[in-house]
Amino acid sequence: MSTNSTPAPAISSSLFAAKKSASLTFADLSKLLGRDEVAVAALFYGQARASPEDITALSKALSISEESLRAELCDTFPDRGRLTEMPPREPLIYRLYEIVQNYGMAYKAVMNEKFGDGIMSAIAFSTKVEKEVDEQGNQWAIITLRGKWLPFSRF
């Protein structure tokens, strides 16, 4: 889980081992925490900050002490965006990167036409992953990115 910059939190391996041992999915944990499954996975990688309620629910679900979880996931601030080298080498993450490389300017042009000059927030943001199966049985991944539009200020 380490990269060429910053490793995942020390507790990450314990979280993944406990999740596997309990035969839980991120979807299962998301129901217990009342958060989206991507948000729960982000906690495991130290890319999101846990609330005290998240700590209690994770502790119960995974049989990990609240103190250990709190120290790693609640009492510190996430160091976001540093787990993957650029360009990424993990195939799925590379494909997401490739989508932005290939369609980024097109997304920008369409969004600027619809919203004006600005950016989509990655802070006032939510995302979800869904699975779709077509008539031929092919599986399709649907990734929704929902960010607040932030217009650039004139100064």
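Sequence order as written defines residue numbering, which begins from 1 separately in each chain. In keeping with the predicted nature of the model, local features appear solely for residues at pLDDT of at least 70, side-chain atom pairs appear and are counted solely at 80 or more, and the whole-chain, interface and lining totals rest on all residues. Heavy atoms throughout the structure, all of them, feed into the side-chain values; hydrogens and water do not.

### Observations concerning the confidence of the model for the chain
Detailed reading of the predicted model is not advised wherever pLDDT is low. Taken residue by residue, the chain gives an average pLDDT of 91. The fraction at 70 or more is 95%. Values of pLDDT, ranging from 0 to 100, describe the predictor's confidence in every residue of the model. We call two residues in contact when some of their heavy atoms are within 4.5 Å. The low-confidence segment residues 1-6, where pLDDT is below 50, has 17 contacts with residues more than four positions distant or belonging to other chains.

### Here's the deal with the nonpolar core
Each nonpolar core is a collection of buried residues, namely Ala, Val, Leu, Ile, Met, Phe, Trp, Tyr and Cys, held together in the definition by side-chain atoms within 4.5 Å. Residue exposure (1.4 Å probe, protein chains only): buried if accessible area is under 20% of the type maximum, exposed if over 50%, otherwise partly exposed. Grouped together as the largest cluster of nonpolar side chains are 23 residues, with contacts concentrated most on L15, L29, F44, L58, L62, L69 and L73. Of all the secondary-structure elements, those providing two or more residues to this core are α1 (12-21), α2 (26-33), α3 (37-44), α4 (52-62) and α5 (66-73). The contact partners of L29, leaving out residues within four places of it in the chain, are K19, L24, V40, F44, L58, A61 and L62. Secondary structure is summarised from DSSP: a helix means a run of H or I of at least four residues, a strand means a run of E of at least two, and numbering begins at the N terminus for each.

### A word on α4
Along α4, the residues that are buried comprise D54, I55, A57, L58, S59, A61 and L62. Residues of α4 that are buried make contact with α1, α2, α3 and α5. Positive backbone phi, at 55 degrees, marks S63, one or two positions downstream of α4.

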